[in-house]
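Remarks on the overall topology
Take a look at the letters that make up each chain.
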Amino acid sequence: MNLPPLLIFLAAMVLMQGLIGGTRLVFSEPAYGLLGVAAVLAAVLPGKIRMPSRPWCLWLTMVLFAYVVGRALTSPVEYLARFHLFEALGVMAAYLLVASRFADQSLRLIIVGTLIAVGVPHLIVAGLQFSHPDNSFHFLGIMRPDWGWRASGMLMCPTSFSDIMAILAVMSASVALWARIGWAGRMLSAYMVPAFLAGVAISGSRGGYLAVVLGFLCLVYLSLLAVRTADRGRAVWIALALVLIFAALIGGAFLWMWDRPEMRDRIQNVFDLKNMRIQMWEAAFVQWQQNPWFGTGSWTFYYFGRMFRPPGGYQADPIHAHNDYVHTLAEYGIIGFALVIVVVVVHAGSGLDTIKWLLRERLSPGIRRTSTTLALLIGTLSGLAVLMAHAVVDFNMHIPSTALVVGSWMGMLANPAAGESRRESLPNPAFAWTIRGVLIAIGLSLVGMTLRYLPSEIHAEKARVALRDGQWIEAVNFAKKGIALDATNPELHFHLGEARLDWAFSKKSPILRKSLAGGAVPPLERGLALYPYDMFRVISLGLAADLAGDPERAARAFARAVDLDPNSALPYYYRGLHFRQRGLMEEAKQDVLRSQKMGIGSLIRNADLKWAYAK
């Protein structure tokens with residue numbers, strides 16, 4: 001009875017890829033809900049729960065999972081921590097399903113094949129984005145940021161797109177080389193390798209370029225080990241062919257990219273020591289020092305990255321530390337960081353040890369020269385190399401679609417030789433019941449949380465889109481409906497307040513402006529009570545208070561904004577305008593000129609600065 005949970009699991013994986021990688025809760029929760037259903041069905045339907053041949057992989061992963069969930073539940077801002085709570089539950093569900101229930105290599109090959117198939121629409125959309133001047137990606141009210149020529153497929157960010165392309169490229173190559181499949185499947189897998197490499201190329205992700213090279217080096221090294229065992233008589237020639245194919249793929253991609261000025265610029269600046277990422281890492285280290293052992297909590301870099309940005313540093317909103325290692329250290333402390341490293345190392349060790357066993361026992365000359373187990377192991381280890389390399393300069397594990405793939409790959413490494421009778425652990429009823437219980441608990445949690453939060457997230461997303469499009473009445477109505485469903489979501493309160501504030505700015509009548517702005521203050525304050533560290537919304541509160549005729553409240557808000565982001569130009573610029581409105585011209589000029597030196601022009605087009613120079 002593996003088919004029902006498997007089909008639902010695959011639907012969840014496909015849905016997460018198609019809905020911008022699940023980077024907003026409204027788009028990730030449907031997939032998480034499906035994962036929950038798959039987990040419950042896998043636990044209650046008849047079928048074998050296989051015990052991993054490396055039990056410590058599973059138990060260490062369970063410890064890491066418990067730590068992440070515990071830290072998320074004790075984080076300062078409950079709403080922000082929901083992102084990691086959902087992600088931890090979803091990744092653990094995928095891990096357990098692949099490690100224990102979908103352990104047959106045929107089922108795993110179906111999972112891999114489905115993900116490779118999803119890569120095709122990714123590439124189609126990416127090709128349109130790369131080749132057309134207007135490459136905005138509109139989907140369910142979402143507009144793709146202006147990345148220029150850089151493609152992102154069905155995801156929102158080119159770096160995330162490069163990750164999934166690189167992972168699928170090395171897996172496709174491994175399947176084509178080693179899997180026990182027909183020639184049609186082998187040729188199709190081989191054909192997808194250059195297609196996925198082209199996807200990495202047009203993403204423009206410099207970290208992706210380096211990561212995919214490292215992934216293929218890992219693939220070639222492991223394949224050479226297999227060739228030496230499987231076909232000793234022709235090992236040298238096959239090894240030479242592998243190296244030449246690898247060189248042709250990477251070299252051809254390099255030459256194609258070098259002929260395009262925009263791509264050539266990305267290649268020439270792969271090693272950019274002045275990149276603002278280094279300043280983000282500095283901010284993350286300062287954040288880590290606030291709580292070295294346990295970290296500051298889930299999604300806290302979202303606001304600490306602003307608070308601890310270095311003087312004279314980046315002005316763009318960081319959101320992520322652009323280094324998963326320092327990001328994990330900052331949010332989960334030494335304990336969380338150490339657990340992650342240990343879990344990755346033991347899973348990689350499990351995969352490598354099983355490869356050695358396969359080469360010794362299953363691929364000896366005269367027995368057989370291909371193995372689906374070997375293909376999946378080489379592909380997952382090479383994909384893991386891609387992710388570990390790219391994590392140095394980006395945030396792939398914060399993207400739910402990537403995280404679910406990683407969870408599935410790690411599940412394969414935890415139980416790599418399922419079906420290989422001499423390598424498989426003996427059945428253990430106690431283990432099976434434990435895994436069923438954990439799957440039920442995780443599955444019900446995911447389903448329950450999705451039913452609890454998804455309706456309000458849908459209204460929040462509709463309010464956000466209406467606010468973006470200047471439809472203030474609709475934004476207000478959607479926000480109110482969402483608040484009625486979940487008053488603990490600060491974004492709903494913020495959308496309500498900012499819709500009224502923008503509506504107020506659109507009115508010419510001073511009475512209407514003051515009335516609408518006054519109505520914006522309470523929801524903004526309610527939102528800040530739930531999420532007090534949002535500098536942008538604190539500025540909105542100050543603007544609303546000023547327009548409503550409450551300068552004292554506005555002054556407190558702008559002072560708070562400066563405290564939350566002392567090295568950003570925005571709080572000083574808006575506080576300067578506040579001082580100007582109150583007639584405090586010296587203070588106003590001082591703040592506005594300071595914001596200009598910090599780079600307010602890069603944040604606000606046509607910023608009003610001329611008056612600050614008047615004598």
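Residues numbered from 1 in each chain as written. Predicted model: local features only at pLDDT ≥ 70, side-chain atom pairs only at ≥ 80, totals over all residues. Heavy atoms only, no water.

**Notes on the overall build of the chain**
In terms of regular secondary structure, the chain is built from 23 helices and two strands. Taking 615 residues into account, the globule formula puts the C-alpha radius of gyration at 25 Å, and the chain, at 26 Å, falls close to it. Each principal axis of the C-alpha distribution contributes one length, and for the chain these read about 90 × 55 × 40 Å. Of the contacts formed within the chain by residues at least 6 apart in sequence, a portion of 74% connects residues at least 24 apart. Accessible surface computed for the chain: about 25200 Å², of which carbon and sulfur atoms make up 66%. Put simply, the chain has 56 plus and 40 minus side-chain charges, and the middle of one group is 5 Å from the middle of the other. (Helix = DSSP H or I, 4+ residues; strand = E, 2+ residues; numbered from the N terminus. Rg over C-alpha atoms; globule rule 2.2 N^0.38 Å. Contact = heavy atoms within 4.5 Å. Areas by Shrake-Rupley, 256 points an atom, 1.4 Å probe, with all protein chains shown as cover. Lys, Arg positive; Asp, Glu negative; His and termini not counted. Charge placed at Lys NZ, Arg CZ, Asp CG, Glu CD.)

**Description of the side chain of Arg-436**
Assignment of secondary structure puts Arg-436 in helix H16 (residues 429–468). Within the buried set, Arg-436 has no salt-bridge partner at all; the shortest N-O distance to an opposite charge, 13 Å, is to Asp-104. Within the structure, the side chain of Arg-436 is placed 2.7 Å from the backbone oxygen of Gly-47, a separation counted as a polar contact. Once residues within four sequence positions are removed from consideration, Arg-436 is found in contact with Ala-42, Ala-43, Leu-45, Gly-47, Ile-49 and Arg-101. (Buried < 20%, exposed > 50% of the residue type's maximum accessible area, 1.4 Å probe, protein only. Salt bridge = Lys/Arg side-chain N within 4 Å of Asp/Glu carboxyl O. Polar contact = N/O pair within 3.5 Å; in protein donor to acceptor, adjacent residues only side chain to side chain.)

**What to know about the nonpolar core**
Counting residues in each nonpolar core, the largest one holds 163 residues, and the members touching the most others are Phe-9, Leu-96, Phe-216 and Ile-442. The element that contributes the greatest number of residues to this core is helix H4 (residues 78–101), accounting for 17 residues. In this structure Phe-216 touches Ala-169, Val-170, Ala-173, Val-193, Leu-197, Phe-246 and Leu-249, once residues within four positions along its chain are discounted. (Core = buried A, V, L, I, M, F, W, Y, C linked by side-chain atoms within 4.5 Å.)

**Points about the packing of helix H6 (residues 158–178) against helix H7 (residues 183–203)**
Any two packed helices are characterised by how steeply their axes cross, that is the angle between the axes, and by the distance between the axes. Contact geometry of H6 with H7 gives a least axis separation of 8 Å together with a crossing angle of 160°. Compared by their axis directions, H6 and H7 come out roughly antiparallel. In this structure, H6 crosses over H7, and the sense of that crossing is left-handed. Here the contact of H6 with H7 is composed, by residue class, of 17 nonpolar, five polar and one charged. (Axes fitted to C-alpha atoms, helices over the stretch in contact; angles between N-to-C directions. Parallel < 35°, antiparallel > 145°, perpendicular 65-115°, else oblique. Left-handed = near helix turned anticlockwise from the far one by under 90°. Nonpolar A, V, L, I, M, F, W, Y, C, P; charged D, E, K, R; others polar.)

**Notes on the pattern of salt bridges**
Counted under the stated rule, the structure contains 18 salt bridges. The partner of Glu-461 in a salt bridge is Arg-24, and the shortest N-O contact between them spans 3.3 Å. Of this pair, Glu-461 sits in helix H16 while Arg-24 is found in the loop between helix H1 (3–18) and helix H2 (25–44), placing the two residues 437 residues apart along the sequence. The class of Glu-461 is buried, set by a relative accessible area of 10%. Put simply, Arg-277 and Asp-394 hold a salt bridge, and the shortest N to O gap is 3.1 Å.

**Re the environment of Leu-41**
Mapped onto the elements of the fold, Leu-41 is located in helix H2. Residue Leu-41 is classed as partly exposed on the basis of its relative accessible area, which comes to 24%. For the pair formed by Leu-41 and Arg-436, sequence separation is 395 residues and the distance between their alpha carbons is 9.7 Å.

**Description of the confidence of the model for the chain**
For the chain, the average pLDDT comes to 89, and 91% of its residues sit at 70 or higher. Per-element confidence in the chain is highest for helix H17 (residues 472–485), whose mean pLDDT is 98, and lowest for strand E1 (residues 138–139), whose mean pLDDT is 54. (pLDDT = per-residue confidence, 0-100.)

**Remarks on the packing of aromatic side chains**
Per the stated rule, a full pass over the model turns up 15 aromatic pairs. Relative to Phe-431, the ring of Trp-59 has its centre 6.0 Å away and its plane inclined at 80°; by these criteria the two rings are edge-to-face. Of the two residues, Trp-59 is situated in helix H3 (residues 55–73) and Phe-431 in helix H16; the sequence distance between them amounts to 372 residues. Note on Tyr-573 and Tyr-574: the rings are 5.3 Å apart at their centroids and 75° apart in plane angle, and the pair reads as edge-to-face. A relative accessible area of 6% places Tyr-573 in the buried class. (Phe/Tyr/Trp six-rings, centres within 6.5 Å; stacked < 30°, edge-to-face > 60°.)

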